[in-house]
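# Close look at the chain arrangement
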Amino acid sequence: MESLKGKKALVTGGNSGIGYAAAKELIAQGAEVIITGRRADAVKQAAAELGATGLVADQGKVSAIEELAGQVTKKFGKIDILFINAGVLGGAAIESAREEDFDYVMNVNFKGAYFTLSRFIPILNDGASVVFLSSNVAHINSANSSMYTSSKAAINSVMRIAAAELAPRKIRVNAVSPGPTQTEILNKLGLDEAARKGLDDWMISKIPLRKIGSAEDVAKLVAYFCGDSASFITGAELVIDGGFSL
Ligand SMILES: NC(=O)c1ccc[n+]([C@@H]2O[C@H](COP(=O)([O-])OP(=O)(O)OC[C@H]3O[C@@H](n4cnc5c(N)ncnc54)[C@H](OP(=O)(O)O)[C@@H]3O)[C@@H](O)[C@H]2O)c1
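Residues numbered from 1 in each chain as written. Predicted model: local features only at pLDDT ≥ 70, side-chain atom pairs only at ≥ 80, totals over all residues. Heavy atoms only, no water.

### Overview of the packing of helix α4 (residues 99–120) against helix α5 (residues 146–166)
Heads up, the rule is: Each axis is a line fitted through C-alpha atoms, and for a helix only the stretch in contact is used; angles between axes span 0 to 180 degrees, taken between their N-to-C directions. Every helix listed is a DSSP run of H or I at least four residues long, and every strand listed is a run of E at least two residues long, numbered separately from the N terminus. Throughout, the term roughly parallel applies to angles under 35 degrees, roughly antiparallel to angles over 145, roughly perpendicular to angles from 65 to 115, and oblique to all others. Working rule for contacts: check all heavy atoms of both residues, and any pair within 4.5 Å makes them a contact. Only Asp, Glu, Lys and Arg are considered charged, only Ala, Val, Leu, Ile, Met, Phe, Trp, Tyr, Cys and Pro nonpolar, and every remaining residue, Gly among them, polar.
Between α4 and α5, whose axes approach to 10 Å, the crossing angle comes to 10°. Taken together, α4 and α5 sit at an angle that is classed as roughly parallel. Contact residues: Asp-101, Phe-102, Val-105, Met-106, Asn-109, Phe-110, Ala-113, Tyr-114 and Leu-117 in α4; Met-147, Tyr-148, Ser-150, Ser-151, Lys-152, Ala-154, Ile-155, Val-158, Ala-162 and Leu-166 in α5. Taken together, the residues of the contact of α4 with α5 sort by class into 14 nonpolar, three polar and two charged.

What follows is the structure, encoded as structure tokens:
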């Protein structure tokens, strides 16, 4: 069903995981899509597989975000869908926190997401849809997760304020908050196979629906927020976690 036909979309962190699945879903629904990522080879390969345009941009740097906004304007003019998805995991107990870990997580998940919205507002069409990729952890508050969790809680707050600021232009701003989802993000933690399996088993034991989510499930929810069916929804966060946060 081509319900997003004619829409132009930017997906940050679209070379992998949820961003890749969302780009695929948006394209399947008729949108033209630009994806970004850090790794040039992965961006190039994903763009070719998806039939998207791929641009390398470090979403943690404001100068790179501004350069990206310029490139997107050249390619598309204004856009209708902004999916702010790029993110990283990291952190430690508050007592042993290191500044470099704090900056690593916050620069991408919070500062980068914030300035991606900020610098793209001028090139959003009236009536556009912005979706932030948050996380169910913003409602869970586990020990040793303070940096990642607070980066996502901060984004939820920005999402609601942006919804209020952009409503006069009929731009809707929402957030999708997945629980554990099968993507590369956990493989980037450097765990060995046994530890990785142990983590999966522990997560499944905490999820009432007893499975880890798929990137495709999350992608469908992102596309829902971008379409006409969600035309009266703004400032909302939808948790998709199999009941984990219950
Ligand atoms: N998977 C989960 O369980 C889960 C649950 C809740 C929320 N989330 C959130 O979902 C989002 C997507 O994560 P994922 O699970 O799909 O993980 P993923 O497969 O690791 O994808 C993350 C994407 O973000 C990109 N990225 C990271 N840092 C970047 C930067 N500085 N500049 C540009 N791109 C950057 C990565 O690009 P490179 O590959 O080039 O680095 C990659 O495309 C994140 O915001 C994450 O916090 C994930």
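### Brief notes about the site of the ligand
Rules: Any residue with a heavy atom positioned within 4 Å of a molecule or strand is treated as near that molecule or strand. As used in this structure description, the phrase polar contact means that two N or O atoms lie within 3.5 Å; if the pair is within protein, one of them must be able to donate a hydrogen and the other to accept it, and residues adjacent in sequence are counted only when both atoms belong to side chains. Only the protein chains shown count as cover for residues, and all accessible areas are computed by the Shrake-Rupley method using a 1.4 Å probe.
For the ligand, the set of nearby residues contains 31 residues, the closest of which are Ser-16, Arg-38, Tyr-148, Thr-183 and Lys-188. Asn-15 is positioned with one of its side-chain polar atoms (N or O) 2.8 Å from an oxygen atom of the ligand. Within the complex, 97% of the 880 Å² of free accessible area of the ligand lies under protein. The set of elements that each furnish at least two residues to the shell around the ligand consists of α1 (17–28) and α5. Split by residue class, the shell around the ligand holds 10 nonpolar, 15 polar and six charged.

### So, the packing of aromatic side chains
Definition in use: Stacked, tilted and edge-to-face are the three classes assigned to paired rings of Phe, Tyr and Trp, where Trp is represented by its six-membered ring and a pair needs centres within 6.5 Å; plane angles under 30 degrees give stacked, over 60 edge-to-face, the rest tilted. Note on exposure labels: buried denotes an accessible area under 20% of the residue type's maximum, exposed denotes more than 50%, and partly exposed covers the range between, all computed with a 1.4 Å probe on protein chains only. Counted as over-ring charges are cases with an Arg CZ or a Lys NZ within 6 Å of the ring centre that also lie within 35 degrees of the ring normal.
A full pass over the atoms with the stated rule returns four aromatic pairs. Considering the side-chain rings of Tyr-224 and Phe-225, the 6.0 Å spacing of their centres and the 50° angle between planes classify their relative orientation as tilted. Residue classification places Tyr-224 among the partly exposed positions, given a relative accessible area of 35%. Each residue in the set Phe-110, Tyr-114 and Phe-115 is aromatic and connected to the rest through ring pairs, giving one cluster. It is Lys-8 that lies over the ring of Phe-76; its NZ or CZ is 6.0 Å from the centre.

### Some points on α4
Condition: What the bend at a residue measures is the angle between two axes, fitted to the seven residues ending there and to the seven starting there.
The largest bend in α4 is about 50°, located at Asn-107. Within α4 the residues assigned to the buried category are Val-105, Met-106, Val-108, Asn-109, Gly-112, Ala-113, Thr-116, Leu-117 and Phe-120.

### Things to note about the pattern of salt bridges
As a reminder of what qualifies: Any carboxyl oxygen of Asp or Glu that lies within 4 Å of a side-chain nitrogen of Lys or Arg is treated as forming a salt bridge with it.
Under the defined criterion, the tally for this structure stands at eight salt bridges. One salt bridge in this structure joins Asp-201 and Lys-197, with 2.7 Å as the shortest N-O distance. Taken as a pair, Asp-201 and Lys-197 lie in helix α6 (residues 193–206) at a separation of four residues, close to a single helical turn. For Asp-217, the salt bridge is made with Lys-211, and the minimal N-O distance between the two is 3.9 Å. On the basis of relative accessibility, which here comes to 32%, the residue Asp-217 falls in the partly exposed class. Sharing partners across several salt bridges, the network here consists of Arg-98, Glu-100 and Asp-101.

### Quick word on the environment of Thr-116
Along the polypeptide, Thr-116 turns up in helix α4. With relative accessibility at 1%, the residue Thr-116 sits in the buried group. Along the sequence, Thr-116 and Gln-59 sit 57 residues apart, while their C-alpha atoms lie 7.4 Å from each other. Sequence-distant contacts of Thr-116, that is, excluding residues within four places in its chain, are made with Thr-12, Gln-59, Ile-65, Leu-82 and Ile-84.

### Here's the deal with unusual backbone geometry
In this structure, Lys-170 is a non-glycine residue whose phi angle is positive, near 60°. Among the secondary structure elements, Lys-170 is positioned in the loop between α5 and β6 (172–178). A positive phi angle, close to 55°, is found at Arg-210, a residue other than glycine. As for its position among the elements, Arg-210 is in the loop between α6 and β8 (213–214).

### Regarding the sheet that holds strand β5 (residues 124–133)
In plain terms, the rule: When DSSP finds two or more bridges between two strands, those strands count as paired.
Read across the open sheet, the seven strands follow the order β3-β2-β1-β4-β5-β6-β9; overall the sheet is parallel. Here the strands that pair on one side only, and so sit at the sheet edges, are β3 (53–56) and β9 (237–240). Adjacent strand axes in the sheet meet at a mean angle of 20°, parallel and antiparallel pairs treated alike. Sheet analysis places strand β4 (residues 79–84) next to β5, joined by five bridges and oriented parallel. By the bridge assignment for β5, Phe-83 is matched with Val-131. The strands that helix α3 (residues 62–76) touches are β1 (8–11), β2 (32–37), β3 and β4; relative to β2, the one it contacts most, it runs at about 160°.

Any functional reading would require information that these geometric values do not contain.
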